[in-house]
Amino acid sequence: MDTSIWAKMKTQPLLSVRDLSKFYGGRIGCADVNFDLFPGEVLGIVGESGSGKSTLLSCLAGHLAPDRGEVIFATTEGPRDTVLMAEAARRRLARTDWAYVHQNPRDGLRMGVSAGGNVGERLMAVGARHYGQIREAAVDWLGRVEIAADRVDDRPNAFSGGMQQRLQIARNLVTGPRLVFMDEPTGGLDVSVQARLLDLLRGLVREMGLSAIIVTHDLAVVRLLADRLMVMKGGYVVEQGLTDQVLDDPQHEYTQLLVSSVLQV
Amino acid sequence: MTDQSAYNFAYLDEQTKRMIRRAILKGVAIPGYQVPFASREMPMPYGWGTGGVQVTAACLVPEDRLKVIDQGADDTTNAVSIRRFFQRTAGVAVTEATEEATVIQTRHRIPETPLTEGQILVYQVPIPEPLRFLEPRETETRKMHELEDYGLMHVKLYEDISRHGQIATAYDYPVKVEGRYVMDPSPIPKFDNPKLVGNAAIQLFGAGREQRIYALPPYSEAISLDFEDYPFAASKADHACDLCAAPDSYLDEVITDDQGSRMFVCSDTDFCASRRKAGHVGPMGTPMAGG
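This one's a predicted model, so the numbers in the text were calculated from it and none came from an experiment.

So, how was this worked out
Residues numbered from 1 in each chain as written. Chains lettered and ligands numbered in written order. Predicted model: local features only at pLDDT ≥ 70, side-chain atom pairs only at ≥ 80, totals over all residues. Heavy atoms only, no water. Contact = heavy atoms within 4.5 Å. Buried area = accessible area lost by both parts, 1.4 Å probe. Salt bridge = Lys/Arg side-chain N within 4 Å of Asp/Glu carboxyl O. Pairing = 2+ DSSP bridges. Helix = DSSP H or I, 4+ residues; strand = E, 2+ residues; numbered from the N terminus. Axes fitted to C-alpha atoms, helices over the stretch in contact; angles between N-to-C directions. Core = buried A, V, L, I, M, F, W, Y, C linked by side-chain atoms within 4.5 Å. Buried < 20%, exposed > 50% of the residue type's maximum accessible area, 1.4 Å probe, protein only. Expected span 1.5 Å × (residues − 1). Domains from an automatic or database assignment. Polar contact = N/O pair within 3.5 Å; in protein donor to acceptor, adjacent residues only side chain to side chain. Nonpolar A, V, L, I, M, F, W, Y, C, P; charged D, E, K, R; others polar. pLDDT = per-residue confidence, 0-100. Phe/Tyr/Trp six-rings, centres within 6.5 Å; stacked < 30°, edge-to-face > 60°.

**Some remarks on the interface of chain A and chain B**
Inference 1: Contacts between the two partners involve 22 residues from chain A and, on the opposite side, 21 residues from chain B.
Inference 2: Both sides of the chain A and chain B interface together cover about 1,900 Å² of buried area, and 57% of this is carbon and sulfur.
Inference 3: For chain A, the biggest contributors to the area lost against chain B are Arg-91, Arg-129 and Tyr-131 of chain A; these three give 38% of the whole.
Inference 4: Across the chain A-chain B interface, the total number found is five salt bridges.
Inference 5: With its nearest N and O atoms 4.0 Å apart, the salt bridge here joins Arg-110 of chain A to Glu-135 of chain B.

Written as structure tokens, this is what we have:
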């Protein structure tokens, strides 16, 4: 019985995208994108600069309005098209069920507000009004992203780049979202910090059963984190499939180029 | 000013007053909502109450009796010059007694004497947007008001507690009006916040430079934001007035010599004077002749 419910839940996609297109005047941002994302699944989107992956992510997260297509999210009240949703409802989603991790932590953090305030903001936005509990949650989450509890009152500009990125992740995950959008979460970090961040992300994704869409140009990141992979070029999805399958047996010429371009150390 | 007849009643032309009255009516209809209006150049610098003056000008009728206070006092530069401005341009009667006034223009205080129905309290507002220091983009703050996205307001209070151990915001304390808009009550001390609530007078807020008018109709609800474990508390200096011995009025601390001697006096000069006339004398006061 239990398994059948589980199976049924699994078969309902969390996010399904149909014919999503976004144009910048005559230029293509992204075009005719179709995919389903299931609960607990991590989807990687790779491609070169200008291939439309960030445009796609912005359209999915509601930061940009797509010109065509549907983005259907399984809200608690059933599947809804987030493109047609009222802005208020979309923002409510953005601070409860969704999270968005920016490439540059400065875009995702409030630099003038303490680490605790940054983590607590989403809690307060959804109605938490008990200082002690908000602070407790903030300290707990700082611990989970390996930031010492005594840094809770420090501002993010006193943090290193890696810490800022981890703080941004804590700030996003504190409300227990179901879907996380990540735009190059490891960009601009040195490799050892990247490795720790990836470790942390992998742990959190597995532990919380998060679904995630990760945009990156770093194939190592998708190899470690993503279950499925989408390769974009010139605004179109040229290849998609299981990560290992796409990376080990690339079919499209661009994917072959991409995979062979990685330096082996 | 030489030829008084060249000026319309209360300085502004009738079309401007009409425009401001429309904004005021809209503000009263949507309590706490900031209504944009086409603020005029006034013959005083921004920051001196150009918004309040325009609202007052639009409200005044020849029968009005005007009181102007600045930080509670009737006799400071700002109060004196605005009062004289309307004496000259509108020829209205003026008073210092709160209960006699029909229109009171104020900067940074609500009079201690409870206001009554029919009175209009006009605030001078420097920055009408309560979210401004948290979110610099005007487009975004408007959107946040539209969507009631007010989590950020509590972030400010959170920061206060984490840094100072208590809500250190002592003036400009944000209130939520009638369960909808979060409003900046102009820089009144938070001691005055409870007086915003259920006040019998019409409270109008004018911001000249920022070109916004907003309002609290009589008997409105205005809840000061707080945390469950750090509730709002109206604070004042823990002292009684040294001139009139009032234990419950908002006090100014005045340094009296170079040795650091100080005294606490009511910031509301009319309240203090009327108490002293009624025979209340504080430790440093002298009895006044009864009136």
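This is not the end of the story, as more comes after the structure.
**A short note on the pairing of strand β1 (residues 15-24) of chain A**
Residue and element names in this part refer to chain A.
Inference 1: Summarising the sheet, β1 and strand β2 (residues 27-37) pair through seven bridges and their orientation is antiparallel. Bridging across to β2, Leu-20 finds its partner in Val-33.
Inference 2: Connecting β1 to the antiparallel partner β2 that follows it, the hairpin turn spans two residues, and Gly-25 within it adopts a positive phi of roughly 60°.

**Considerations on the sheet that holds β1 of chain A**
All names here are of chain A.
Inference 1: Sheet architecture is open: four strands sit in the order β2-β1-β4-β5, paired in antiparallel fashion. Each of the sheet's edge strands pairs with one partner strand only, and the pair in question is β2 and β5 (78-81). The average angle at which neighbouring strand axes cross in this sheet is 20°, direction not considered.

**Examining the nonpolar core**
Inference 1: Counting residues in each nonpolar core, the largest one holds 65 residues, and the members touching the most others are Val-119, Leu-167, Ile-169 and Val-180 of chain A together with Phe-227 of chain B.
Inference 2: Residues contacting Val-119 of chain A, with those up to four places away along its chain left out, are Ala-138, Trp-141, Leu-142, Leu-167, Ala-170, Arg-171 and Val-174 of chain A.
Inference 3: Core analysis: the second largest hydrophobic core is formed by 29 residues, Ala-23, Phe-37, Ala-79 and Ala-215 of chain B among them.

**Focus on helix α7 (residues 161-173) of chain A**
Residues lying three or four places apart along an α-helix face the same way, a consequence of the helix completing one turn every 3.6 residues.
Residues and elements named next belong to chain A.
Inference 1: For α7, spanning 13 residues, the distance from its first C-alpha to its last is 19 Å, which sits close to the expected 18 Å at 1.5 Å a residue.
Inference 2: The buried fraction of α7 is high, at 12 of 13 residues.
Inference 3: If you check which residues of α7 are buried, you get Gly-162, Met-163, Gln-164, Gln-165, Arg-166, Leu-167, Gln-168, Ile-169, Ala-170, Arg-171, Asn-172 and Leu-173.
Inference 4: Those residues of α7 hidden inside the fold are in contact with β6 (98-101), α4 (105-108), α5 (115-125), α6 (131-144), β7 (179-183) and α8 (191-208).

**What to know about unusual backbone geometry**
Inference 1: Although it is not a glycine, Asp-32 of chain A adopts a positive phi angle of roughly 50°.
Inference 2: In this structure, Asp-32 of chain A sits in strand β2.
Inference 3: The phi torsion at Tyr-219 of chain B lies on the positive side, around 60°, for a residue other than glycine.
Inference 4: Mapped onto the secondary structure, Tyr-219 of chain B falls in the loop between β9 (212-216) and β10 (222-224).
Inference 5: On the basis of relative accessibility, which here comes to 49%, the residue Tyr-219 of chain B falls in the partly exposed class.

**Focus: the domain arrangement of chain B**
Residues and elements named next belong to chain B.
Inference 1: As assigned here, chain B comprises domain 1 (4-129 + 171-224) and domain 2 (236-285).
Inference 2: Each of domain 1 and domain 2 has a C-alpha centre, and the two are 26 Å apart.
Inference 3: On the domain 2 side, the residues contacting the 16 residues of domain 1 number nine residues.
Inference 4: Buried area between domain 1 and domain 2, summed over both chains or domains, comes out near 900 Å², and the portion from carbon and sulfur atoms is 50%.
Inference 5: Our enumeration of links across domain 1 and domain 2 arrives at zero salt bridges.
Inference 6: Here domain 1 and domain 2 share seven residue pairs in polar contact (both at pLDDT 80 or more) between them.
Inference 7: Its residues assigned to classes, the side of domain 1 that touches domain 2 comprises five nonpolar, four polar and seven charged.

**Quick notes on the sheet that holds strand β9 (residues 228-233) of chain A**
Residues and elements named next belong to chain A.
Inference 1: Strands sit in the order β6-β7-β8-β3-β9-β10 across an open sheet of six strands; the sheet is mixed. Strands at the two margins of the open sheet, each flanked by one partner only, are β6 and β10 (236-242). Across the sheet, the axes of successive neighbouring strands diverge by a mean angle of 15°, strand direction being ignored.
Inference 2: When strand β3 (residues 42-47) meets β9, the two strands line up parallel, connected through five bridges. Among the inter-strand pairings, Leu-43 is bridged to a residue of β9, identified as Arg-228.
Inference 3: Contacting β3, β6, β7, β8 (211-215) and β9, helix α2 (residues 53-61) runs over the sheet at an angle of about 150° to β7.
Inference 4: Across the sheet, α7 lies against β6 and β7, angled at about 170° from β6, the strand it touches most.

**Here's the deal with the confidence of the model for chain B**
Inference 1: Of all residues in chain B, 98% have pLDDT values of 70 or greater, and the mean over the chain is 92.
Inference 2: Taken together, the chains of this predicted complex give a pTM of 0.84 and an interface ipTM of 0.83.

**Overview of the packing of aromatic side chains**
Residues and elements named next belong to chain A.
Inference 1: Within this structure, the stated rule accounts for 14 aromatic pairs over all chains.
Inference 2: Where Tyr-100 meets Phe-181, the ring centres are 6.3 Å apart and the plane angle is 40°; that geometry is what we call tilted. Placement of Tyr-100 in strand β6 and of Phe-181 in strand β7 is noted, with a sequence separation of 81 residues between them.
Inference 3: The exposure class assigned to Tyr-100 is buried, which follows from its relative accessible area of 12%.

**Details of the pattern of salt bridges**
Residues and elements named next belong to chain B.
Inference 1: Within the structure shown, the criterion is met by 36 salt bridges over all chains.
Inference 2: Between Glu-135 and Arg-137 there is a salt bridge, with its nearest N and O atoms 2.8 Å apart.
Inference 3: On the accessibility criterion, Glu-135 (5% relative accessible area) is buried.
Inference 4: Take Arg-137: its relative accessible area is 48%, and that puts it in the partly exposed class.
Inference 5: Put simply, Glu-159 and Arg-163 hold a salt bridge, and the shortest N to O gap is 3.1 Å.

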